[in-house]
Amino acid sequence: MNSNRMSFIETSKNEIYLELITKELYNKGNKYLFNDWKISILQKKVLFAVAIKSIFPILYIIYILYNGVVSFMKIVGSKSVNISQGTYFLATDNFSPTLNDKIIRNTQDAVWILNANVQADNYRITSNKYYSVYELTSIKDLIKVCTNSFFVLFDVYRKLGSYYILFTLNSFKWLLYKSAVDKIPYDSTIYFLDHKDRWALLEDKLKVKNKILIQHGIEITSNYHKSFLSVNGSGYCFNMPYKFSTVTKVLAFSETDFKSLCLSILSNVPAKEIIGFGFALDEISHERFSVLIIGEVALYSFKEKEIIERLQNSQIDIYLKNHPKNDSSFYKRLQQSLSFNLIEGRFFPNVDLVISYESTLASEYSSAGIEVVYHTRESIEDIVEKINLIRRSASKLNQ
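Residues numbered from 1 in each chain as written. Predicted model: local features only at pLDDT ≥ 70, side-chain atom pairs only at ≥ 80, totals over all residues. Heavy atoms only, no water.

Novice: Explanation requested: the overall build of the protein chain in the structure shown.
Specialist: On a plain count of helices and strands, the protein chain comes out with twelve helices and 14 strands. Along the first, second and third principal axes, the C-alpha set of the protein chain runs to 75 × 55 × 40 Å. Within the protein chain, buried positions represent 50% of all 399 residues. For the protein chain, the proportion of contacts with a sequence separation of at least 24, taken over those separated by at least 6, is 64%. For the protein chain, the exposed area adds up to about 19,600 Å²; of that, 52% sits on carbon and sulfur atoms. Mean positive and mean negative side-chain charge positions of the protein chain (47 and 40 charges, respectively) differ by 7 Å. (Helix = DSSP H or I, 4+ residues; strand = E, 2+ residues; numbered from the N terminus. Buried < 20%, exposed > 50% of the residue type's maximum accessible area, 1.4 Å probe, protein only. Contact = heavy atoms within 4.5 Å. Areas by Shrake-Rupley, 256 points an atom, 1.4 Å probe, with all protein chains shown as cover. Lys, Arg positive; Asp, Glu negative; His and termini not counted. Charge placed at Lys NZ, Arg CZ, Asp CG, Glu CD.)

Novice: Looking at this structure, I do not really get the environment of Leu261. What am I missing?
Specialist: With respect to the element layout, Leu261 can be found in helix H8 (residues 255-264). Along the primary structure Leu261 and Asn239 are separated by 22 residues, whereas in three dimensions their C-alpha atoms are 9.9 Å apart. Dropping the residues within four chain positions of it, Leu261 is found in contact with His195, Gln215, Glu219, Val250, Ala252 and Leu266.

Novice: Looking at this model, I keep getting lost on the environment of Ala116. Mind explaining?
Specialist: Along the chain, the position of Ala116 falls in the loop between strand E2 (111-114) and strand E3 (130-132). Those residues in contact with Ala116 that lie beyond four places of it in its chain are Val133 and Tyr134.

Novice: Sorry, what's going on with the sheet that holds strand E5 (residues 210-214) here?
Specialist: Pairing between sheet strands relies on hydrogen bonds along the backbone, with the strands arranged either parallel or antiparallel. An order of E3-E2-E1-E4-E5-E8-E9 is seen for the seven strands of this open sheet, with the pairing classed as parallel. A strand with exactly one partner marks an edge of an open sheet, and here the two such strands are E3 and strand E9 (271-274). With strand direction ignored, the average angle separating the axes of adjacent strands in the sheet is 20°. Note that strand E1 (residues 87-91) and E2 share four bridges and pair parallel. In the strand pairing of E2, Tyr88 is matched with Val111. (Pairing = 2+ DSSP bridges. Axes fitted to C-alpha atoms, helices over the stretch in contact; angles between N-to-C directions.)

Novice: Help me out: how do you make sense of a nonpolar patch on the surface in this one?
Specialist: On the surface, a nonpolar cluster with roughly 560 Å² of combined accessible area is contributed by Val69, Phe72, Met73, Val76, Ile139 and Ile143. The greatest single-element share of the nonpolar patch, amounting to four residues, is contributed by helix H3 (residues 41-76). Note on placement: Val76 falls in helix H3. (Patch = residues over 30% accessible without salt bridge, like charges linked within 9 Å, V, L, I, M, F, W, Y side chains within 5 Å. Salt bridge = Lys/Arg side-chain N within 4 Å of Asp/Glu carboxyl O.)

Novice: Got a minute to help me understand the pattern of salt bridges in this structure?
Specialist: Two side chains carrying opposite charge are able to pair once their charged atoms lie near each other. If you walk through the whole model with that rule in mind, you get 18 salt bridges. Between Lys13 and Glu10 there is a salt bridge, with its nearest N and O atoms 3.8 Å apart. Here Glu15 ties to Arg198 by a salt bridge, and the two come within 3.1 Å at their closest N and O atoms. With a gap of 183 residues between them, Glu15 in helix H2 (residues 12-26) and Arg198 in helix H7 (residues 198-205) connect regions that are remote in the sequence. For the pair Glu15 and Arg198, a shared accessibility class is recorded, and that class is buried. Through salt bridges with shared partners, a single network forms among Arg5, Asp155 and Arg158.

Below, the structure written as structure tokens:
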């Protein structure tokens with residue numbers, strides 16, 4: 001089997017592990033096919049078998065051919081670049097404006113290498129130096145990518161079974177980007193953000209001397225699973241099946257975060273630099289007590305809805321900020337029946353209290369001196385009581 005195909009199949013280790021954890025901790029079912037259909041188990045099995053064995057292979061071939069043609073046109077329309085030794089930031093996927101600021105602070109004049117779905121116009125690139133994946137890919141490379149993408153379908157069938165067949169849809173973009181960044185000379189330095197997904201494995205496999213991971217998410221959680229590891233009494237972290245072995249340096253938020261990264265996603269102990277959060281608040285005009293709920297619609301939308309319901313008619317200004325990668329349509333529909341302010345973009349209100357799960361943004365607010373209450377650790381009743389207690393204390397101080 002081609003080495004890049006083998007590497008892509010290997011990324012399934014972490015994908016399967018994370019799906020298992022999500023399913024067991026958050027009661028989320030198989031995200032791949034027919035999970036939310038209200039039909040019998042037998043009907044699901046029949047539909048699944050028909051789709052996988054008859055329909056999906058045909059659609060998959062069409063999908064790869066379509067991506068191949070689109071990529072061919074973009075390669076032909078791009079100026080070919082011979083990449084030289086230097087410092088690079090691997091933009092494997094889209095990210096938030098906050099992360100953009102963090103990248104700029106820590107990568108200096110690095111040249112960005114943009115994946116197929118990442119557009120330079122959407123980001124601030126201070127060096128003004130970037131290459132698209134198409135500038136680093138030849139027609140010969142593209143033919144190999146298409147060929148390997150076709151064979152990935154059979155590899156997944158054989159190694160993982162039909163249950164994970166939609167995993168193959170990630171192959172084309174992954175193999176295309178891997179083909180491009182494989183051309184980075186060994187004596188170069190690369191920066192990247194990815195912790196444990198398929199892109200993290202790609203970066204770990206690159207033959208580059210200096211690899212610097214910029215922490216962008218919190219690995220510590222208060223949730224417990226039998227596979228989790230304890231982080232010095234601070235909570236728990238994932239024990240990823242595939243871990244980095246070639247990272248040479250980590251830019252971590254704190255010492256505790258560095259320890260959690262070493263336990264969760266690193267098999268070696270690289271050099272470290274503590275960079276903090278670099279977080280600034282935006283002032284808002286309000287006279288009432290204010291609360292920010294940090295949203296994660298995929299996991300906690302109904303709990304967040306219950307919190308907002310409990311805080312209605314309490315003379316509290318409620319703000320909600322969704323995770324930047326998630327769709328906010330659920331919250332927009334919720335605004336039709338409940339009163340709260342939905343915040344999007346690069347805006348971080350200076351509120352009196354934050355309610356959150358274990359998120360990076362919650363840690364950033366905490367670093368700015370704002371009290372954070374975690375709904376993953378306390379009941380909604382306890383959170384409401386804590387808010388009332390803080391409000392009463394503040395009222396006495398103002399008298």
